[in-house]
Amino acid sequence: MSEASSSGQLLLRLEGFEGPLDLLLELARAQKLDLARISILALVEQYLAVIEGARAVRLELAADWLVMAAWLAWLKSRLLLPAGSPEAEEGERAADVLAARLAALEAMRAASLWLGGRTMLGRDVFPRGVPESFVEIDRSGFRVDMPALLAAYLGALRRAQAAVRYQPPPLTVWTVQDALGRLEQLLGSVPDWASLEQFLPEQLLAPDERRAALASTLVASLEMARDGGLRLRQERPFGPILVGRVEGGAGGGR
Amino acid sequence: MEDEPPPKAEVQAETGPSELAVRLAEALVFASSEPVSARALGQILPEGEEAEAVLAELARRYEGRGVELAAVAGGVQFRTARDLAPNLRKVVQQPRRLPRVAMETLAIIAYHQPVTRPEIEALRGTSLSQETLDLLLEAGLVAPQGRKEAPGRPTLWGTTPRFLAAFSLGSLADLPRREDLLAGPPAAGA
Amino acid sequence: MEDEPPPKAEVQAETGPSELAVRLAEALVFASSEPVSARALGQILPEGEEAEAVLAELARRYEGRGVELAAVAGGVQFRTARDLAPNLRKVVQQPRRLPRVAMETLAIIAYHQPVTRPEIEALRGTSLSQETLDLLLEAGLVAPQGRKEAPGRPTLWGTTPRFLAAFSLGSLADLPRREDLLAGPPAAGA
């Protein structure tokens, strides 16, 4: 009867509790006993009564209240079993855990009260309003070290090198003009028919340059043949191209 | 008061700290916003002066005055005398009061540090609001102290030197033992 | 507290401020973040106390101590005695880092000294600002070392003994050899 009325009062204040454990602690305190000797079973019944009451008036309850209620209902079922059974022992252990949790929370409540009773800075005593600082910061020095110096040196050299623009090495090209000159110069000194290769410059050795010179010489020889300056002959496709002098008068060398 | 300092200074010149040493200590502790340790004082004292003795002499001179020397957080700090608080509260700006939830969370952090937020929540049996944590951080009473080597690496929380100063504690060892806290719940609870 | 003021207040009313009044003034001036005016002090003083007289008495008590009562705009404030400032000053060295450009220029001067500014610019492939050179001069790491016998007689730059000290070098010969720094093949290929 008194239990019901106290539950009703608690119900009205349910919003004021910091969660289920807070309510349980309040209920335990209401037993006015040492926390070590409270009746967990009575506590469980009180909690469940509060939750039932809240449901009766259709109060919205957060999930953690209901989770605790479910767990306490399970605990109650175990605590009601005859002592000695494994289930009852399980219930005893769970009850001990709950009592320990309540004791730990109670200790922290006491600690919080103890702290609140201390001489508090800003409430009971005040510190100096205008602290002075004598710390001077000397920024005149420089932090240097050898690795940084060397890294900077290498960085500078590398960047300076990168700044030089890439220039491909100049190609030595035997131009058509060069080939014309050489053909004209050599034409008189070669026997009747000479292979086109014989008109290539001797100093060119690189294969690429040699092929380029051959092409230039061919173009030059075609040009001279057109103008009647020489004759060209090829016996078969891909055969050697032969260059011949023009004997006296003109004549199509094609 | 005019009969106090001069004769003593002369006497102390032979047996205790020099007047310069006491003045230096007075100025240093006065100037600092945080408690000053004997070691820090020792660094600016003239050769041959005992920092501890100088501080003891300083504390003696301020006894019963409007400002007193308090031993807190591993050092000393000048503070207004406690009996004057009611008069001063009217005119001196005060920090915000900590609500009950914040005080309880602070107590849990103080006793269980380093502690994670889930551990705090498990102890209180309810979630810890961001507001509460922000309030304690803003007041400089708690600070992160690394991370726990556990899944998710949650932040570990602990109290700061300012916590010690705020509650006039010399060190964490000055907190009452948990057993002693529970020994008198009827008294504390009432 | 309650036994002190009554008798003294009566006595002091004729001869000077009461002890409580002086303590209150001391605590208020100490705890205030702003200078305290006589008017502000008057608000918390017991009836019949003269704020001006109380502050005058407080100033008298602090004369020659490590902390003094200074009259500043709008009232009074505690200040550490000026003669103690040199002892209290703590100089914290916070060396700057040399900017990258300065470090590069320094390295080039170190390896190529004596070297002219145009030569430095050619080596770095970019122009050298006066700021950079001034910074190195200010730091005492480089110095002019005569002039080059060439058109325009440009200044020659070299490193100083301070440069050696800063890099813990016995002499310039202790600088790592350029050949050891520049890896052979890539340098030759470029």
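To be clear, the structure that these remarks concern was listed above.
Just so it is clear, the structure is predicted and the values come from calculations on it, not from any experiment.

What counts as what
- Residues numbered from 1 in each chain as written.
- Chains lettered and ligands numbered in written order.
- Predicted model: local features only at pLDDT ≥ 70, side-chain atom pairs only at ≥ 80, totals over all residues.
- Heavy atoms only, no water.
- Contact = heavy atoms within 4.5 Å.
- Buried area = accessible area lost by both parts, 1.4 Å probe.
- Salt bridge = Lys/Arg side-chain N within 4 Å of Asp/Glu carboxyl O.
- Polar contact = N/O pair within 3.5 Å; in protein donor to acceptor, adjacent residues only side chain to side chain.
- Helix = DSSP H or I, 4+ residues; strand = E, 2+ residues; numbered from the N terminus.
- Pairing = 2+ DSSP bridges.
- Axes fitted to C-alpha atoms, helices over the stretch in contact; angles between N-to-C directions.
- Buried < 20%, exposed > 50% of the residue type's maximum accessible area, 1.4 Å probe, protein only.
- Core = buried A, V, L, I, M, F, W, Y, C linked by side-chain atoms within 4.5 Å.

Caption draft 1: Layout of the interface of chain A and chain B. At the interface, 34 residues of chain A touch 44 residues of chain B. Around 3,500 Å² of area is buried between chain A and chain B when both sides are counted, 63% of it from carbon and sulfur atoms. At the boundary of chain A and chain B, one finds 5 salt bridges. For Asp22(A), the salt bridge goes to Arg100(B), with nearest N and O atoms at 3.9 Å. Between the two partners, chain A and chain B, sit 12 residue pairs in polar contact (both at pLDDT 80 or more). The leading source of residues in the side of chain A that touches chain B is helix H5 (residues 86-116) of chain A, at 15 residues.

Caption draft 2: Representation of the environment of Gly66(C). In this fold, Gly66(C) is placed in the loop between helix H4 (51-62) and strand S1 (67-72). Sequence-distant contacts of Gly66(C), defined by excluding residues within four places in its chain, comprise Arg23(B), Glu26(B), Ala27(B), Arg79(C), Thr80(C), Ala81(C) and Leu84(C).

Caption draft 3: A look at the sheet that holds strand S5 (residues 155-159) of chain B. All names here are of chain B. Taken together, the 3 strands give an open sheet; going across it, the order is S3-S5-S4, and neighbouring strands pair in antiparallel fashion. Every other strand in the sheet has two partners, leaving strand S3 (115-116) and strand S4 (142-147) as the edge strands with one partner each. Of the strands in this sheet, S3, S4 and S5 are in contact with helix H6 (residues 100-112), which crosses S5 at around 95°.

Caption draft 4: View of the interface of chain C and chain A. Listed by partner, the interface residues are 44 residues for chain C and 31 residues for chain A. Counting each side, the surface lost to burial between chain C and chain A is near 3,600 Å², with a carbon and sulfur contribution of 64%. Scanning the region where chain C abuts chain A turns up 1 salt bridge. Arg159(A) is paired through a salt bridge with Glu104(C); the nearest N and O atoms lie 2.2 Å apart. Our enumeration of links across chain C and chain A arrives at 4 residue pairs in polar contact (both at pLDDT 80 or more).

Caption draft 5: Focus on the pairing of strand S7 (residues 155-159) of chain C. Residue and element names in this part refer to chain C. Most of S7 is tucked away, with 4 of its 5 residues classed as buried. Relative to S7, strand S5 (residues 115-116) runs antiparallel, the two sharing 2 bridges. Residue pairing for S7: valine 115 is matched across the bridge by tryptophan 157. Pairing analysis gives 4 bridges linking strand S6 (residues 142-147) to S7, with the strands arranged antiparallel. Directly across from proline 144, in S7, lies its bridge partner tryptophan 157.

Caption draft 6: Geometry of the nonpolar core. Formed by 58 residues in total, the largest nonpolar core has its most connected members in Leu41(B), Phe78(B), Leu41(C) and Phe78(C). Looking at this core, the element that brings in the most residues is helix H2 (residues 19-31) of chain C, giving 10 residues. Residues in contact with Phe78(B), not counting those within four places in the same chain, are Phe126(A), Pro127(A), Glu26(B), Val29(B), Phe30(B), Leu58(B), Tyr62(B), Val67(B), Glu68(B), Leu69(B) and Phe30(C). Counting 35 residues, the second-largest nonpolar core is a separate cluster that includes Phe142(A), Met146(A), Leu141(C) and Leu175(C).

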